[in-house]
Amino acid sequence: MDPNTTVCAPNATISLAVIVALLEANNQGKHFSYSSKIELFALFFSIELKELEACFGGFAHYYLRKQNIRMSDHGNTLTSASANRDDFSVTFSLSDVFDIEHFVAREPELEEMCKALSSDGSRQAVVLHGLGGIGKTQLTVAYAKRHRNSYSAIFWLNINDEDSVKQSFAKMARQILRERPTAARLSSVDLSEDLDGVVDAVKSWLSLPNNTRWLAIYDNYDNPKLPGHDTDLTAVDIRIFLPESYQGSVIVTTRSSQVEMGHKIKLRKLEGLQDGLRILSNASRRQKLANDPDAVKLAQELDGLPLALATAGAYLHQVMMSFSDYLRLYKESWSRLQVTSPNLSSYEDRTLYSTWQISYEHVEQQNSLSAMLLRLWAYFDNYDLWLELL
Ligand SMILES: Nc1ncnc2c1ncn2[C@@H]1O[C@H](COP(=O)(O)OP(=O)(O)OP(=O)(O)O)[C@@H](O)[C@H]1O
Ligand SMILES: [Mg+2]
């Protein structure tokens, strides 16, 4: 198929319906990875139908390009201004990461990370583990922004699966070559064809003598290869993707509590009600929530789970609805889930899915094509999706 072909709207709708049905039939019981893509809901409230109709053409184009994908370099570029401009410094970019506007709380964790990563150049590692949506990625973004001047280069890798991490290495290689065109071994590797060669070349660059002040962030290490569990062929062994020499700093985020590396920090729910209210207030753009007993009740109900608070807030930003009405919808959604998804056993998952369900049903009422597109996107890693795909 010509990648530039625009699929006409009725075909796009039918094709989308067929693809979603097939994916769902083949993935019964498999959990969607929620992560920050749930917040795309907020976006969907404002998208016009005609824009969505064009999207399937965008996806066809995307599939054909996927092997040679290059993430867009829009926005959010930060420079390590006061870092020593030695031969190894590279501009820090947050272009692939969802970076929230108002980060709250987590000061003790930020301090703990800072202590654990303080180094004379020898390798230091921190593993952040905790539930999906608890705030591991955002804490890491906050750390990277706060400490960017302490590092000569900060790299962001998605280690969700082998393909993603290799693509991340290819992106790192391009970043390095853009500013260090003389990086000898890197410049001789074919960045789109020889991904294993790229991984080796980048690891060698990170192992060069004196290149000790980099920070590599391995985000989403959710399917780790663990000793004695060799049957899962999709599990990833992070050791293959770490530079050999004992230098530089590493942060790993994971939902697994079994990753043993460096200093482990378990990320818990937000304890202070005020922090929950701040997320709700920032996401809903509504003020003085502490004075509203229904807002306080909702924050208590959402129990310090950042993603649930942000999802509820995003909904309330888009829909003219009182906190008490949302609370009623939330309780109904919770009860319905008990019937429709009895195997959602954890309280936290149920909380998250209840807020998710409310937003999903609203999108579906407004535009069934948008809802179907969301169901399709649920099968993608959020790193594989960006606004320009539409
Ligand atoms: N400290 C925080 N301040 C404000 N909002 C937060 C904070 N932490 C998390 N959030 C909200 O919760 C959402 C989910 O957080 P994040 O993506 O960091 O979770 P995660 O633990 O990395 O989840 P996953 O395991 O799915 O990757 C964020 O997009 C943001 O809206
Ligand atoms: Mg994350």
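Residues numbered from 1 in each chain as written. Chains lettered and ligands numbered in written order. Predicted model: local features only at pLDDT ≥ 70, side-chain atom pairs only at ≥ 80, totals over all residues.

A look at the nonpolar core
Working step 1: Among the nonpolar cores identified, the biggest contains 47 residues, and Phe155, Ala173, Val202, Ile217 and Tyr218 are the most heavily contacted of them.
Working step 2: Sorting elements by how many residues they give to this core places helix 9 (residues 195–206) first, with seven residues.
Working step 3: Setting aside chain neighbours within four positions, we find Ala173 in contact with Leu186, Leu191, Val198, Ala201 and Val202.
Working step 4: Leu298, Ala310, Tyr360 and Val363 belong to the second-largest nonpolar core, a separate cluster that totals 31 residues. (Core = buried A, V, L, I, M, F, W, Y, C linked by C-beta atoms within 7 Å. Buried ≥ 20, exposed ≤ 12 C-beta atoms within 10 Å, placed from the backbone. Helix = DSSP H or I, 4+ residues; strand = E, 2+ residues; numbered from the N terminus. Contact = placed C-beta atoms within 7 Å.)

Regarding the pairing of strand 3 (residues 124–129)
Working step 1: Counting buried positions along strand 3 yields five of six residues, so the element is predominantly enclosed.
Working step 2: Looking at chain direction, strand 3 and strand 6 (residues 249–254) are connected through six bridges and run parallel. The residue of strand 6 that forms the bridge with Gln124 is Ser249.
Working step 3: Sheet topology note: the strand 3/strand 7 (residues 263–266) ladder contains four bridges and is parallel. (Pairing = 2+ DSSP bridges.)

Concerning the confidence of the model for the chain
Working step 1: Mean pLDDT over the chain stands at 81; residues scoring 70 or higher make up 76%.
Working step 2: Within the model, the stretch residues 1–9 combines pLDDT values under 50 with 14 contacts to residues more than four positions away or in other chains. (pLDDT = per-residue confidence, 0-100.)

Let's talk about the sheet that holds strand 4 (residues 153–158)
Working step 1: As summarised here, the arrangement of the five strands in space is 4-5-6-3-7, forming an open sheet in which the pairing is parallel. Both edges of this open sheet fall to strand 4 and strand 7, since each of them pairs with a single strand only. Shown here is a sheet whose adjacent strand axes are inclined to one another by a mean of 15°, direction ignored.
Working step 2: In terms of strand pairing, strand 4 meets strand 5 (residues 214–219) through six bridges, oriented parallel. Each residue of the ladder has a partner; that of Ala153, found in strand 5, is Trp214. (Axes fitted to C-alpha atoms, helices over the stretch in contact; angles between N-to-C directions.)

Quick notes on the packing of helix 5 (residues 107–117) against helix 6 (residues 136–146)
Working step 1: Direction vectors running N to C along helix 5 and helix 6 enclose 60°, while the axes themselves pass 10 Å from each other. By the criterion of interaxial angle, the relationship of helix 5 to helix 6 is oblique. Note on packing geometry: the crossing formed by helix 5 with helix 6 is right-handed. Packed against helix 5, whose contacting residues are Glu109, Leu110 and Met113, the element helix 6 presents Leu139, Ala142, Tyr143 and Arg146 at the interface.
Working step 2: The class makeup of the residues in the contact of helix 5 with helix 6 is five nonpolar, no polar and two charged. (Parallel < 35°, antiparallel > 145°, perpendicular 65-115°, else oblique. Left-handed = near helix turned anticlockwise from the far one by under 90°. Nonpolar A, V, L, I, M, F, W, Y, C, P; charged D, E, K, R; others polar.)

Regarding helix 12 (residues 306–318)
Working step 1: Taking 1.5 Å per residue, 13 residues should reach 18 Å; helix 12 reaches 19 Å between its end C-alpha atoms and fits that length.
Working step 2: For helix 12, the buried fraction is high: eleven of the 13 residues fall into the buried class.
Working step 3: Burial in helix 12 covers these residues: Pro306, Leu307, Ala308, Leu309, Ala310, Thr311, Ala312, Gly313, Ala314, Tyr315 and Leu316. (Expected span 1.5 Å × (residues − 1).)

Overview of helix 15 (residues 368–377)
Working step 1: Among all positions in helix 15, only Leu369, Ser370 and Leu373 are buried. Take helix 15 and look down its axis: the buried residues cluster within an arc of 100°, on one side only. (Arc of directions from axis to C-beta.)

Let's talk about unusual backbone geometry
Working step 1: The phi dihedral of Arg106 falls on the positive side, at around 65°, and the residue is not glycine.
Working step 2: The topology assignment puts Arg106 in the loop between strand 2 (92–93) and helix 5.
Working step 3: Backbone geometry at Asp303 places phi at a positive 55°, although glycine is not the residue there.
Working step 4: Note on placement: Asp303 falls in the loop between helix 11 (293–302) and helix 12.

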